[in-house]
Amino acid sequence: MKNLFSIIKLTVATLILFAVIYPLAIYGIAQIAPNQGKGETISVNGKVVGYQKIGQKFDKSNYFRGRPSTVDYNAAGSAGSNKGPSNPDYLALVQKRIDTLLLVHPYLKKSDIPSDMVTASGSGLDPNISPQGALIQVKRIAKERKLDEAKVKALVESKINTAVVGPETVNVLELNVALDALR
Amino acid sequence: MNTELLGVIGIFLLTIVLAIPLGKYIAKVYLGDKTLFDPIFNPIEKFIFKISGINPAEEMNWKQHLKALLSINMVWFFLCFFVLLFQGSLPLNPDNNPSMTPDLAFNTAISFLVNCNLQHYSGESGVSYLSQIVLMFLQFVSAGIGMAAAAMIFTAMKERTTEQLGNFYNYFIKSCTRVLLPLSAIVAIALVFSGTPMTFEGKDAITTLQGDHVEVSRGPAAAFIAIKHIGTNGGGFFGANSAHPLENPTYFTNGVELWAQMIIPFAMIFALGFFLNKRKLSNIIFGVMTVGFLLLVVPTVMSEINGNPAIEKMGIAQTTGAMEGKEVRFGPAISGFWSIATTVISTGSVNSMHDSSMPISGAMQLLSMMVNAFYGGCGVGILNYYIFIILAVFISGLMVGRTPEFLGKKIEAREVKIAAFIAILHPLLILAGTALASYFAAHDTAMGYWFSGNATGWLNNPGNHGFSEMLYEYTSSAANNGSGFEGLGDNNPFWNITTGIVLLLSRFIPIIGPLAIAGLLAGKKYIPESAGTLKTDTSIFGIMTFAVIAIIAALSFFPALALGPLAEYFTLK
């Protein structure tokens, strides 16, 4: 019995250290982090239009599209499709996505489409696409917005994030915000 | 693609290089030697021991260690179970998430208690912030328990005859305060400054650029995610785990989180060498584990980079590799590497959805958990490997006709029986569970209370892949890993309760076994090394241990792997 009380007291003491002091310390440090640890946001004319790290749905034809999402970019949840690579229903869905992309971009060859544009991301909230995924949409966007194609292409290229290691990415929200600002 | 491979190799090497000094430090902590941080930690630990009335200098034998370990775990189970069961009406619940059902609370409490973190809920909608913090507490202490068990075994391996194996609470508290806490704080700070939230405000509501209304889940995530990896727990704050852009925002944080989950398992092996002053032994162990690890990593990374042949047939270029279930900021190379790191080292966090991995990768992920002895989780990894050392010593002893000895202690029938039992328990739990679930799925049984609807309803994929989903769930439970082929519909009494039982058995029995063996050996007479001793710190003995591991895994699991991922591989070609 004495042992049990010791264990309970030990549990309380460790609870205070690991479940109160530790998170509060990190919370305190977060106050000097970007946006006080509430998540970085992107604003247009002082109005928050999204979180920089969280992908959002773009299905209007005058915006660059992101990747397919299992949760339809609902950021109050997150999930991948969890479809296996040989699942026939899944492969039919991929075929449908390819057909849609070709329909919207009649100028495209299948071999130009990168696989990230026809597969759902792990979180359903992927904020990025591959540079190739953005470049294949340039012609459509230029036509839709009556802009010079070379100008849109230059915009995409300026938004490609390169790093010393790791894949090149384009943040779709940042790209579309910049696109709105383009005259 | 080349820079992606460079990233993988860089992270791996950096972890090894830093694990050596950390191992030295951990050895010092357990030996009670002076370290730089004594002025900070001595008063904290003194205070904790004083108010709980525990004397950390009191020596315990192996049975007392076990008793302390099991009783404290019981207290934690009830604490967590009741918080989850009533979270809906408890404070710190800004998103108004509901209380858990009893079977889900049972499964969740156990799975965090045993360092597994199988999650049959989604973080955004399934738990309150209070529950997240209590779960985080379990992430600290369950990792501390594993390390304390390993520390007792280190003490028992010393070349002397004794029943006195140090104090359990001393090892446990020091593992938490001196190793887990400072490392977690460093990782948490790195995450906070890279964009991971650490806030107690609930969901945010915004209007997106094209005008949709969206709610964005946030929370005190950074502190949680740090210990999730440092303690090789793996339970995600958000549903998508480390694939979620707030849980793992950049390629840099991905590297930090990979480093964080590998560093302690690596360091514990080096700690063994420093603790016993047998560097060569720990180098051989590390070498064997690394060979095993690389044999699993290389095919996985290659098959992910090569992409999905079925999509390639549709005419889509696979230049960016297999991207279903993966995030663009990570790419296929490091996602493949992560999937093996996290399964080899019972973390179970994911940065891509394993259910959508290529068949060969799925086979390798399963195999990593089936072997369950390369690196392994915080502390318990070395316990699992210890069992295979005992078996290898016994078998090689028989082969060369010498009395089996390990570090100057005779290995006799009792120890070998315990080791064999532990080695067989793991496949037994996996295969029996999978057989049960497959039987129901094959007959499409109406499950009544256990599952709403017929059994095939819990599968997200047909055919061989569906079988892999069930196999993966029990393998992950038995390896205390916690990752999943998450398509499986697992939040129901059938899966919550069956995996809960597997979790309990496969956590505590593989701790009790090695502790018992080590305790029994420590009490035996020490026989100094002679010309007739079988040397255990040679590469020949390393190969022998590897062979034992490989043979047991192959004999137990090949049929199951053939029915699941291997069959899928051949149908996909």
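No experiment lies behind these values; they were computed from the predicted model shown.

1. Comments concerning the UniProt feature "transmembrane region" (unreviewed entry) in chain A
Within this numbering scheme, the UniProt entry marks residues 7–30 of chain A as carrying the feature "transmembrane region" (unreviewed entry). From the first C-alpha to the last, residues 7–30 of chain A spans 33 Å; its make-up is 100% helix and 0% strand.

2. A word on the interface of chain A and chain B
Opposite the 82 residues of chain A that make contact, chain B presents 94 residues. Elements supplying a minimum of two residues to the side of chain A that touches chain B: α1 (2–30), β2 (47–51), α2 (88–104), β3 (128–129) and α6 (172–181) of chain A. Among the elements that make up the side of chain A that touches chain B, the one with the highest residue count is α1 of chain A (19 residues).

3. Re the nonpolar core
A general feature of soluble globular proteins is that nonpolar side chains tend to end up buried together. Ranked by size, the top nonpolar core spans 205 residues in total, and within it A149, M152, I153, A222, A226, I390 and A518 of chain B carry the most contacts. Considering each element in turn, this core owes the most residues, 20 residues, to helix α6 (residues 129–156) of chain B. Here this core spans two domains, and each of domain 1 (1–38) and domain 2 (40–181) of chain A adds at least three residues to it.

4. A few points about helix α15 (residues 413–443) of chain B
Residues and elements named next belong to chain B. Taking 1.5 Å per residue, 31 residues should reach 45 Å; α15 reaches 43 Å between its end C-alpha atoms and fits that length. Among the residues making up α15, those that are buried are E415, I418, A419, I422, A423, H426, L429, I430, G433, T434 and A437. Tucked into the core, α15 has its buried residues touching α14 (380–400), α16 (463–478), α17 (493–522) and α18 (539–572). Two residues or fewer after α15 comes D444, characterised by a positive phi angle close to 50 degrees.

5. Some details on helix α12 (residues 331–344) of chain B
The end-to-end C-alpha distance of α12 of chain B is 20 Å, a good match for the 20 Å that 14 residues give at a rise of 1.5 Å each. Counting buried residues along α12 of chain B, 14 of its 14 residues qualify, which places the element largely inside the surrounding structure.

6. A word on the packing of α12 of chain B against helix α13 (residues 359–371) of chain B
Residues and elements named next belong to chain B. The N-to-C vectors of α12 and α13 enclose an angle of 20 degrees; their axes lie 7 Å apart at closest approach. For the element pair α12 / α13, the angle class is roughly parallel. Relative to α13, α12 is oriented so that their crossing is right-handed. Listed contacts from α13 to G336, S339, I340, T343 and V344 of α12 are S361, M364, Q365, S368 and M369. Looking at the contact of α12 with α13, its residues break down into 4 nonpolar, 6 polar and no charged.

7. What about the pairing of strand β1 (residues 41–44) of chain A?
Relative to β2 of chain A, β1 of chain A runs antiparallel, the two sharing 4 bridges. Across the sheet, S43 of chain A pairs through a bridge with V48 of chain A, a residue of β2 of chain A.

8. Things to note about the domain arrangement of chain A
Assigned domains within chain A: domain 1 (1–38) and domain 2 (40–181). Centre-to-centre separation of domain 1 of chain A and domain 2 of chain A, based on C-alpha positions: 40 Å.

9. Considering the sheet that holds β3 of chain A
Residue and element names in this part refer to chain A. Across the sheet, which stays open at both edges, the 3 strands sit in the order β3-β5-β4 with antiparallel pairing between neighbours. Whereas interior strands pair on both sides, the edge strands pair on one side only; in this sheet they are β3 and β4 (160–161). Pairing analysis gives 2 bridges linking β3 to strand β5 (residues 169–171), with the strands arranged antiparallel. Bridge pairing in β5 places I129 opposite V170. Running at roughly 55 degrees to β5, α6 makes contact with β3 and β5 of the sheet.

10. A few points about unusual backbone geometry
Residues and elements named next belong to chain B. The backbone of N241 sits at a positive phi, close to 55 degrees, despite the residue not being glycine. When you line up the elements, N241 lands in the loop between α8 (221–230) and α9 (251–276). Residue classification places N241 among the buried residues on the basis of 32 C-beta atoms within 10 Å. Here the phi dihedral of Y375 falls at roughly 65 degrees; this positive angle occurs in a residue that is not glycine.

11. Things to note about the packing of helix α3 (residues 62–85) of chain B against helix α4 (residues 102–113) of chain B
Residues and elements named next belong to chain B. Relative orientation of the contacting elements α3 and α4 amounts to 140 degrees, with a least axis distance of 9 Å. If you check the angle between α3 and α4, you find them oblique. The interaxial crossing formed by α3 with α4 has right-handed handedness. Two secondary-structure elements touch here, α3 through N73, W76, F77, C80, F81, L84 and L85 and α4 through P102, A105, F106, T108, A109, I110, F112 and L113. For the contact of α3 with α4, the residue count by class is 13 nonpolar, 2 polar and no charged.

12. Observations regarding the environment of G23 of chain B
Residue and element names in this part refer to chain B. You can see G23 is positioned in helix α1 (residues 2–31). Residue classification places G23 among the buried positions, given that 25 C-beta atoms sit within 10 Å. On a C-alpha basis, the gap between G23 and F330 in space is 29 Å, while along the polypeptide they are 307 residues apart. The residues touching G23, leaving out its near neighbours within four places in the chain, are A267, F270, A271 and F274.

13. Some remarks on the environment of T320 of chain B
All names here are of chain B. With respect to the element layout, T320 can be found in the loop between α11 (309–313) and α12. Judged by the 25 C-beta atoms lying within 10 Å of it, T320 is buried. Once the C-alpha coordinates of T320 and G166 are considered, the two residues, 154 residues apart in sequence, prove to be 53 Å apart.

14. Topic: the confidence of the model for chain B
On average, residues of chain B score 94 in pLDDT, and 100% of them reach the 70 mark or higher. Both scores are given for the predicted complex: the pTM is 0.95, the ipTM 0.95.

15. Details of the environment of G7 of chain B
Tracing the backbone through its elements, the reader meets G7 of chain B in helix α1. When the C-alpha atoms of G7 of chain B and R178 of chain B are compared, they prove to be 30 Å apart, with 171 residues separating the residues in sequence. Beyond its immediate chain neighbours, meaning those up to four positions away, G7 of chain B contacts V165 and G166 of chain A together with G255 and I334 of chain B.

Rules and cut-offs
- Residues numbered from 1 in each chain as written.
- Chains lettered and ligands numbered in written order.
- Predicted model: local features only at pLDDT ≥ 70, side-chain atom pairs only at ≥ 80, totals over all residues.
- UniProt positions renumbered as here; feature names shortened; annotations may be inferred.
- Helix = DSSP H or I, 4+ residues; strand = E, 2+ residues; numbered from the N terminus.
- Contact = placed C-beta atoms within 7 Å.
- Core = buried A, V, L, I, M, F, W, Y, C linked by C-beta atoms within 7 Å.
- Buried ≥ 20, exposed ≤ 12 C-beta atoms within 10 Å, placed from the backbone.
- Domains from an automatic or database assignment.
- Expected span 1.5 Å × (residues − 1).
- Axes fitted to C-alpha atoms, helices over the stretch in contact; angles between N-to-C directions.
- Parallel < 35°, antiparallel > 145°, perpendicular 65-115°, else oblique.
- Left-handed = near helix turned anticlockwise from the far one by under 90°.
- Nonpolar A, V, L, I, M, F, W, Y, C, P; charged D, E, K, R; others polar.
- Pairing = 2+ DSSP bridges.
- pLDDT = per-residue confidence, 0-100.

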